[in-house]
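Spelled out, the chains give:
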Amino acid sequence: MAELNAYITEERIEGADDGPLTGKTVAVKDNISTEGVETTCGSKMLEGYVPPYDATVVEHLKEAGATINGKANMDEFGMGSTTETSHFGATLNPVDTDRVPGGSSGGSAAAVAAGEADLALGSDTGGSVRAPAAFCGVVGIKPTYGLVSRYGLVAYANSLEQIGPIAPTVEEAAGLLDVIAGSDERDATTVENGDDSNYAAAADGDVEGMTIGVPVELIEGADEGVVETFWDAIADLEDQGAEYVEVSMPSVEKAVAAYYVIAMSEASSNLARFDGTRYGLNAVEAGDFDDLDEAGNWNEAFATAREEGFGPEVKRRILLGTFALSAGYHDRYYGKAQDARAWIKQDFDESLEEADVLASPTMPVPPFELGESLDDPRTMYLADANTVPVNLADLPAISVPAGEADGLPVGMQLIGPKYGEETIVRAASALE
Amino acid sequence: MSDGNEPAVTGEEVREVADLARVDLSDDEVEQFAEQFEAVLADFETLDEVPEVESEPDLVNVMRADEIEEGLTQEEALSNASETEDGYFKGPRVS
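Residues numbered from 1 in each chain as written. Chains lettered and ligands numbered in written order. Predicted model: local features only at pLDDT ≥ 70, side-chain atom pairs only at ≥ 80, totals over all residues. Heavy atoms only, no water.

Asker: Describe the nonpolar core, and please don't skip the residues or the numbers.
Answerer: Formed by 73 residues in total, the largest nonpolar core has its most connected members in Phe77(A), Phe274(A), Leu319(A), Phe348(A) and Val14(B). Among the elements of the structure, helix H6 (255–270), helix H9 (312–325), helix H10 (330–354), helix H11 (377–382) and helix H12 (388–392) of chain A together with helix H1 (11–20) and helix H2 (27–45) of chain B are those that each provide at least two residues to this core. Ignoring anything within four residues of it in the chain, the contact list for Phe274(A) reads Met45(A), Leu46(A), Phe77(A), Val154(A), Tyr279(A), Arg306(A) and Phe310(A). Among the nonpolar cores identified, the runner-up in size contains 58 residues, and Val57(A), Tyr199(A), Ala402(A) and Val425(A) belong to it. (Core = buried A, V, L, I, M, F, W, Y, C linked by side-chain atoms within 4.5 Å. Buried < 20%, exposed > 50% of the residue type's maximum accessible area, 1.4 Å probe, protein only. Helix = DSSP H or I, 4+ residues; strand = E, 2+ residues; numbered from the N terminus. Contact = heavy atoms within 4.5 Å.)

As structure tokens, then:
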């Protein structure tokens, strides 16, 4: 098999001798801080950055006995759906190496799909765990907002993102979620609902009497082969005693626009910290100056470091976010996006009164060929149509392999109510 | 979503935003971004059709005791800085 480039750094971090993950290797996405091990976020800006502390989820992995076997490749700062925007080169999809593994946690999903790691952690801001899980034919979970601590996760869009597990099976993904979920005094947005969880036990495949809602808006416009595989999987669930209902969520048609306004706005603020002074690429190196004095005043020096340290997609999002928040545009873009977010939440609440879980194809398209989406950023943004509504509504969702279309993996996304992790795990396990 | 009537984005506007964000851009980047931003901003404009909904987010204040805890040592905090002086970060001059 071709070298997949699933890892940015291959270094082993041993965990405790005895725990639920003893003997298991876990690939950790490279935006999750590991004490003493380089953490780059897939960016030239952080090449060589070595965190002096562990993320809370990394502490949990070590306590559970896991062996971290490397830092997984990713789209730069999580900004992309293909893992092609990494400064360290694209990751290839182990199912078909001419295709992308999805993103932004593409290294994590590729490592698991290829057997280079038993399990992996990714982060999901708008689909970044579920998309690569779908494209690589593995399982990925985006937990309810607040279930997993974000302490030590390098921030992209705080109000949307969660760290989530990737694994070959639903039960293993749920088991890894059990390890990382829980309240953390160092992340004030965490909740206690995940303390002492046992999501793995819910992977019993029992969907008898479960109602599965399908939002028609998330099927329209999807690739024909993907839709066919999706309906086959729904029929499979019906055969096992589940009931299918159609639901309507008109708000999701505004989700991609609302998501990108909010994510880019938050990113423009979060990424302001990268100025090359405390960490990251320094202006002297970036501008090839003799010393700091030659780099000019702080505005000039920072702009030099950021020009050289950030790739095109990151610059694009910082600039669009800055624009959306600037005087005269704030109400028109950011304010409206928050209205859309509230509308989407309301639509989900109503739909989840009619159904126990909601189902859609995770990705409306099969895995892109390498290079296919890079020329037009909008192609990539629109591929996130089915995953971003979930982040805007703070809900949990899982992507589970539903079958193949033209020999390529198709993922089914199952969305649950807030803290409904057990329900989505149960429904997904019925498809294995 | 783009209908061809999107607002034109000029290179000058891209440079203004880049200046606010402290990111230098090459001429090529300015030209490319101006073109791409037109299409993306046209997508953003569709949010104008979003209805207002009543929402009551369940927000709570999260408080903790104001107690001194162990943090990073000065050495750890400075360990990733390329320029330091007398135990401090050394930044570029202000003006």
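Asker: Before we move on, could you go through the UniProt feature "active site" (unreviewed entry) in chain A and cite the residues and values that matter?
Answerer: Residues and elements named next belong to chain A. The UniProt entry lists Lys-29, Ser-104 and Ser-128 under the feature "active site" (unreviewed entry), expressed in the numbering used here. Taken together, the annotated residues stretch across 100 residues yet fold into one region, lying no more than 10.8 Å apart by C-alpha. Considering the arrangement of structural elements, one finds Lys-29 in strand E2 (residues 25–29). Among residues more than four places away in sequence, those in contact with Lys-29 are Lys-71, Ala-72, Met-74, Ser-104, Ser-105, Ser-108, Leu-121, Gly-122, Ser-123 and Ser-128. Looking at the secondary structure, you find Ser-128 in the loop between strand E4 (119–124) and helix H3 (130–136). Ser-128 has contacts with Lys-29, Gly-78, Gly-80, Gly-103, Ser-104, Ser-105 and Ser-123, leaving out every residue within four places of it along the chain. (UniProt positions renumbered as here; feature names shortened; annotations may be inferred.)

Asker: Residue-level account of the interface of chain A and chain B, with values.
Answerer: One frequently used descriptor of interface size is the decrease in accessible area upon assembly of the parts. At the interface, 55 residues of chain A touch 48 residues of chain B. In this assembly, chain A packs against chain B so that about 4600 Å² is buried in total across both faces, 64% of it on carbon and sulfur atoms. For the chain A face of the interface with chain B, the top three residues by lost area are Leu292(A), Leu319(A) and Arg378(A), together amounting to 14%. For the interface between chain A and chain B, the tally reads 17 residue pairs in polar contact (both at pLDDT 80 or more). Only H6, helix H8 (298–309), H9, H10 and H11 of chain A provide two or more residues apiece to the side of chain A that touches chain B. Among the elements that take part in the side of chain A that touches chain B, H10(A) stands out by supplying nine residues, more than any other. For the side of chain A that touches chain B, the residue count by class is 30 nonpolar, eleven polar and 14 charged. (Buried area = accessible area lost by both parts, 1.4 Å probe. Polar contact = N/O pair within 3.5 Å; in protein donor to acceptor, adjacent residues only side chain to side chain. Nonpolar A, V, L, I, M, F, W, Y, C, P; charged D, E, K, R; others polar.)

Asker: How would you summarise the environment of Thr144(A) if you had to cite specific residues and measurements?
Answerer: Residue and element names in this part refer to chain A. Take Thr-144: it is sitting in the loop between strand E5 (139–142) and strand E6 (162–167). What makes Thr-144 buried here is its relative accessible area of 0%. Residues in contact with Thr-144, not counting those within four places in the same chain, are Gln-162, Asp-394, Leu-395, Pro-396, Lys-418, Tyr-419, Gly-420 and Glu-421.

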